[in-house]
Amino acid sequence: MADRRIALVLKGGEVVDATGRRRADVAVDVDGFVAAVAADLDAPRLLDAGGCIVAPGLVDLHAHLREPGGEEAETVETGSRAAALGGYTALVAMPNTVPAIDSAAAVREVLELGVKALCDVRPAGAITKGRAGRELAPLAEMAALGVRLFTDDGAGVQDSGLMRRALEYGSALGITLAQHCEDASLAAGGHMHEGTWSSRLGIPGVPAEAEEVMVARDIALSALTGAPVHFLHLSTAGSVALVRAAKAAGALVTAEAAPHHFTLTAEEVAGYDPVFKVNPPLRTEADVAAVKAGLADGTIDAIATDHAPHAQEAKEQPFDQAPPGMLGLETALSLSLAETGLGLDRVLALLSWQPARIAGLDADHGGPVAAGRPANLMVLDPSARWTVDPARLASRSRNTPYAGRTLTGRVRHTLLRGEPVVLDGEAQR
Ligand code: DOR
């Protein structure tokens, strides 16, 4: 093939997307689109995908990039570099920045920062002004800029009447409200999951019910208003059961879970190391099993990282003073392959095409890998082994709970609109 419009070919891999699997090369044209998916394609530039999976880039529904206001912990640039290395071609940036992303001006600022990022960065907007939970933010002006997900993440919307109004207004705008399910009065003063380990360690706990009462409330409010609700970082068996029953009854709800909630339990907190502090907190083995069952049976639609970088000084405070949050973008794919018990195709559905749909990004991300589609792709070497070294992560922060863990499966190349932003495991800018 001597088509001079072909920029490169991903050679020798197995293509996996929502339509299935096939051995094929993938040609990408100079405009950043997939030109062909077929055997024996050729081009002056070949990227080796031998022994690898070629798939749509991953899409993260939930990443904290900290810009503006928290640049000591992360920036759009560093967070997007971590994302690209993790196989992501798009992410939704959470609005709990300083100031919050609660206006068109703030949305524009993040979109502008995203222009030079190593993946597409789509801000979520806040539901309430300043995420204070008192007055609705100008949802329409943010929706007009393409914002599709709205959340006060970091806090749930406590006022049920206000949440109802947000849903009514949001459904007219065609947007989705995403809830951080946490009843503030039940969670008040807690720093870890309330249970055996909190009693043993003498750390005040947050009961599972703090999450579950808000999941139940928002299922009811979704039914009342006819508006969709997306549940962020589900962490308890009770929440999974509520969402499962709601879906069976036809509710317009979707849900995500974070890797730390299916790989770690509250027992990790025994050393009082704040790297294991996160909100919602690490739960019990039964909760971990329920989250995995929810991923397996479709109750949970997406794996989202809740990538939450924090500067070392902040995370080195005593457990009760340290902020909650863990890094996630560079480890999510390997952990999901290792610990969900699901096959590669299902894991990619949870990390790529299903979240792409929830975020409204499926025109550009999440595949299928087919001629004419934007070449937002990642190449995974499923047998590569690597050890998590916090000092070598691209994030500006170091707070990974998986330091020293050896994982299988590593991203070899990531293509953003045809441009190799990660090549042979190295970020290109
Ligand atoms: O652990 C968490 N960290 N949970 C949240 O909801 C917020 C996040 C953060 O912004 O650090």
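We now turn to the structure provided with this report.

Rules used throughout
- Residues numbered from 1 in each chain as written.
- Predicted model: local features only at pLDDT ≥ 70, side-chain atom pairs only at ≥ 80, totals over all residues.
- Heavy atoms only, no water.
- Near = heavy atom within 4 Å.
- Polar contact = N/O pair within 3.5 Å; in protein donor to acceptor, adjacent residues only side chain to side chain.
- Nonpolar A, V, L, I, M, F, W, Y, C, P; charged D, E, K, R; others polar.
- Axes fitted to C-alpha atoms, helices over the stretch in contact; angles between N-to-C directions.
- Helix = DSSP H or I, 4+ residues; strand = E, 2+ residues; numbered from the N terminus.
- Parallel < 35°, antiparallel > 145°, perpendicular 65-115°, else oblique.
- Left-handed = near helix turned anticlockwise from the far one by under 90°.
- Contact = heavy atoms within 4.5 Å.
- Expected span 1.5 Å × (residues − 1).
- Buried < 20%, exposed > 50% of the residue type's maximum accessible area, 1.4 Å probe, protein only.
- Arc of directions from axis to C-beta.
- Pairing = 2+ DSSP bridges.
- Core = buried A, V, L, I, M, F, W, Y, C linked by side-chain atoms within 4.5 Å.
- Salt bridge = Lys/Arg side-chain N within 4 Å of Asp/Glu carboxyl O.

1. Regarding the site of the ligand
Reasoning step 1: For the ligand, the set of nearby residues contains 14 residues, the closest of which are R66, N96, H180, N279 and H310.
Reasoning step 2: Between the ligand and H64, the relevant distance is 3.4 Å, taken from an oxygen atom to a side-chain nitrogen or oxygen of the residue.
Reasoning step 3: Here H180 contributes a side-chain N or O atom positioned 3.2 Å from an oxygen atom of the ligand.
Reasoning step 4: Classifying every residue of the shell around the ligand gives 3 nonpolar, 8 polar and 3 charged.

2. Let's talk about the packing of helix α7 (residues 208-225) against helix α8 (residues 237-248)
Reasoning step 1: Axis separation between α7 and α8 bottoms out at 9 Å; the angle between their running directions is 15°. The angle between α7 and α8 falls in the class roughly parallel. The chirality of how α7 crosses α8 is right-handed. Residues E211, E212, V215, A216 and I219 of α7 pack against G238, S239, L242, V243 and A246 of α8.
Reasoning step 2: For the contact of α7 with α8, the class distribution of residues is 6 nonpolar, 2 polar and 2 charged.

3. A short note on α8
Reasoning step 1: A rise of 1.5 Å per residue sets the reference length of α8, with its 12 residues, at 16 Å; its end C-alpha atoms lie 17 Å apart and thus fit the reference within 8%.
Reasoning step 2: Listed as buried for α8 are S239, V240, V243 and A246. The buried side chains of α8 occupy one side of the element, clustering within an arc of 130° when seen end-on.
Reasoning step 3: Tucked into the core, α8 has its buried residues touching α7, β15 (229-231), β16 (253-257) and α10 (285-297).

4. A closer look at the sheet that holds strand β6 (residues 46-48)
Neighbouring strands of a sheet are bound in pairs by backbone hydrogen bonds; such pairs are parallel or else antiparallel.
Reasoning step 1: Ordered in space as β5-β4-β1-β6, the 4 strands form an open sheet in which the pairing is mixed. Lying at the two open borders of the sheet, with one neighbouring strand each, are β5 (34-38) and β6. Across this sheet, the average inter-strand angle for adjacent strands is 20°, counted without regard to direction.
Reasoning step 2: As paired elements, strand β1 (residues 6-11) and β6 share 3 bridges and run parallel to each other. Note that in β6 the partner of V9 across the bridge is L46.

5. Quick word on α7
Reasoning step 1: An ideal rise of 1.5 Å per residue puts 26 Å on 18 residues; α7 measures up with 26 Å between its terminal C-alpha atoms.
Reasoning step 2: The set of residues buried in α7 consists of A208, A210, E211, E212, M214, V215, R217, D218, I219, L221, S222 and T225.

6. Examining the nonpolar core
Generally speaking, a soluble globular protein has its nonpolar side chains buried in company with each other.
Reasoning step 1: If you look at the biggest cluster of nonpolar residues, it comprises 69 residues, and the most contacted ones within it are L91, V121, F150, F231, L333 and L348.
Reasoning step 2: Broken down by element, the residue count for this core peaks at 7 residues, all from helix α13 (residues 344-358).
Reasoning step 3: If we skip the residues at most four places from it in the chain, L91 touches D60, A63, L65, A83, C119, D120, V121, R122 and L329.

7. Things to note about the pairing of strand β7 (residues 53-56)
Reasoning step 1: Sheet topology places strand β2 (residues 14-17) next to β7; 2 bridges connect them, and they run parallel. If you follow V15 over to β7, its bridge partner there is V54.
Reasoning step 2: Bridging between β7 and strand β18 (residues 377-387) involves 4 bridges; their strand directions are antiparallel. For V54, the partnering residue across the bridge sits in β18 and is V379.

8. Here we look at the pattern of salt bridges
Reasoning step 1: Counted under the stated rule, the structure contains 17 salt bridges.
Reasoning step 2: A salt bridge links D48 to R412; its shortest N-O distance comes to 3.4 Å. Taken together, the positions of D48 in strand β6 and R412 in strand β19 (residues 406-416) put the pair 364 residues apart, joining distant regions of the chain.
Reasoning step 3: Here D381 and R412 are joined by a salt bridge, their closest N and O atoms 3.5 Å apart. In this pair, D381 sits in strand β18 while R412 sits in strand β19, placing the two residues 31 residues apart along the sequence.
Reasoning step 4: For D381, a relative accessible area of 16% puts it in the buried group.
Reasoning step 5: Residue R412 is classed as buried on the basis of its relative accessible area, which comes to 17%.
Reasoning step 6: Taken together, the shared-partner salt bridges connect E14, R21 and D345 into one network.

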